[in-house]
Amino acid sequence: MSGNTPLIVTRQGAIVTLQFNRPEALNALDLPMAQALLAAVRAIAADTGVRAVVLKGAGRAFIAGGDLATLHANPAQGARDLLVPLNATLQLLQQIDAPVIAQVHGAAAGGGLSLMLMCDFVLAADGTKFNLAYINLGTSCDVGGSWALPRLVGLRHALEIALLGDAFTADDALRLGLVNRVVPAPELDRTTQAFAERLANGPTKAYGQMRRLLRTSFDRDLGAQLAAEAQSFDTCAHTADMREGLQAFVDKRKPRFQGR
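Residues numbered from 1 in each chain as written. Predicted model: local features only at pLDDT ≥ 70, side-chain atom pairs only at ≥ 80, totals over all residues. Heavy atoms only, no water.

**Student:** So what's going on with the overall build of the protein chain? Which residues, and what values?
**Tutor:** Along the protein chain, the regular secondary structure elements total 11 helices and nine strands. Scaling as 2.2 N^0.38, a compact globule of 260 residues should have a C-alpha radius of gyration of about 18 Å, and the protein chain matches this with 19 Å. Each of the three principal axes of the protein chain carries a C-alpha extent, and together these read 60 × 45 × 35 Å. Considering the protein chain as a whole, with its 260 residues, one finds that 45% of them fall into the buried category. At a minimum sequence separation of 6, the contacts of the protein chain that also span at least 24 residues come to 68%. For the protein chain, the computed accessible surface area is about 13,200 Å², with 57% contributed by carbon and sulfur atoms. Here the protein chain holds 25 positive side-chain charges and 23 negative ones, and the gap between their average locations is 6 Å. (Helix = DSSP H or I, 4+ residues; strand = E, 2+ residues; numbered from the N terminus. Rg over C-alpha atoms; globule rule 2.2 N^0.38 Å. Buried < 20%, exposed > 50% of the residue type's maximum accessible area, 1.4 Å probe, protein only. Contact = heavy atoms within 4.5 Å. Areas by Shrake-Rupley, 256 points an atom, 1.4 Å probe, with all protein chains shown as cover. Lys, Arg positive; Asp, Glu negative; His and termini not counted. Charge placed at Lys NZ, Arg CZ, Asp CG, Glu CD.)

Pasting the structure below:
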């Protein structure tokens, strides 16, 4: 594991893990890390063999936010430089079929929390601390935080989290619906791997259609959503996985999905 590599990319079967690797800075997002993340996600988007993606952090934290050294000298330009690759990454992550899992421990703050919120699933170690934190620096949020937060917790809770800037615990995050599971820290790797394997063995194309339907449903009226559902179902009807799912139902066995 190289300390000079801002992002470590590993692959196990159909699962790709992206590990943020600035442990000495609690994985604060700087420009080399943001650029490396975009390059990795572009490669994932071009590879139909990827069926699950895991984001995790090296060392003591997931991501403690944006790199303050990058922002301190010139806050406006520093933010613009960081957000170009980060925003492009978020768009790509929403377009791929493979579900995205955040494996979170230690701390998730600022841009790290925003990135976590944009993932499909979050598995957190007990003892993790969360803080949107932007308001404590006198700024508003980025990296999709203002889009994801009210969708996950509702406007009232989102305003409290964003405007007060208080830290909260993993149990708080679970209660609010910000994470899916809280597990003992020693079990986080194993639990995340099992979770990712379950998803990687699922109907990947259907996952992609479903996750996009759910994420865009807030932006459509009922008629438009029904039309989008019909189109997505038609797309799935032409996949090998749906044919396998139907045959498995007839055969009274567990389906063997191939992700195509």
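**Student:** I'd love a proper account of the pattern of salt bridges, names of residues and values included.
**Tutor:** A complete count under the given rule lists 13 salt bridges for this structure. D67 is the partner of R22 in a salt bridge, and the nearest nitrogen-oxygen pair spans 3.3 Å. Placement of R22 in the loop between β2 (15-20) and α1 (31-45) and of D67 in the loop between β3 (52-57) and α2 (68-73) is noted, with a sequence separation of 45 residues between them. Connected through shared salt-bridge partners, R22, D30 and D67 make up one network. (Salt bridge = Lys/Arg side-chain N within 4 Å of Asp/Glu carboxyl O.)

**Student:** Please set out the packing of aromatic side chains residue by residue, giving values where relevant.
**Tutor:** For the structure shown, the criterion picks out three aromatic pairs. Here F121 and F195 contribute two aromatic rings whose centre-to-centre distance is 5.0 Å and whose plane-to-plane angle is 70 degrees, an arrangement assigned as edge-to-face. With a gap of 74 residues between them, F121 in strand β6 (residues 121-125) and F195 in helix α8 (residues 188-200) connect regions that are remote in the sequence. By relative accessible area, which is 23% here, F121 ends up partly exposed. When its relative accessible area of 16% is taken as the criterion, F195 is described as buried. (Phe/Tyr/Trp six-rings, centres within 6.5 Å; stacked < 30°, edge-to-face > 60°.)

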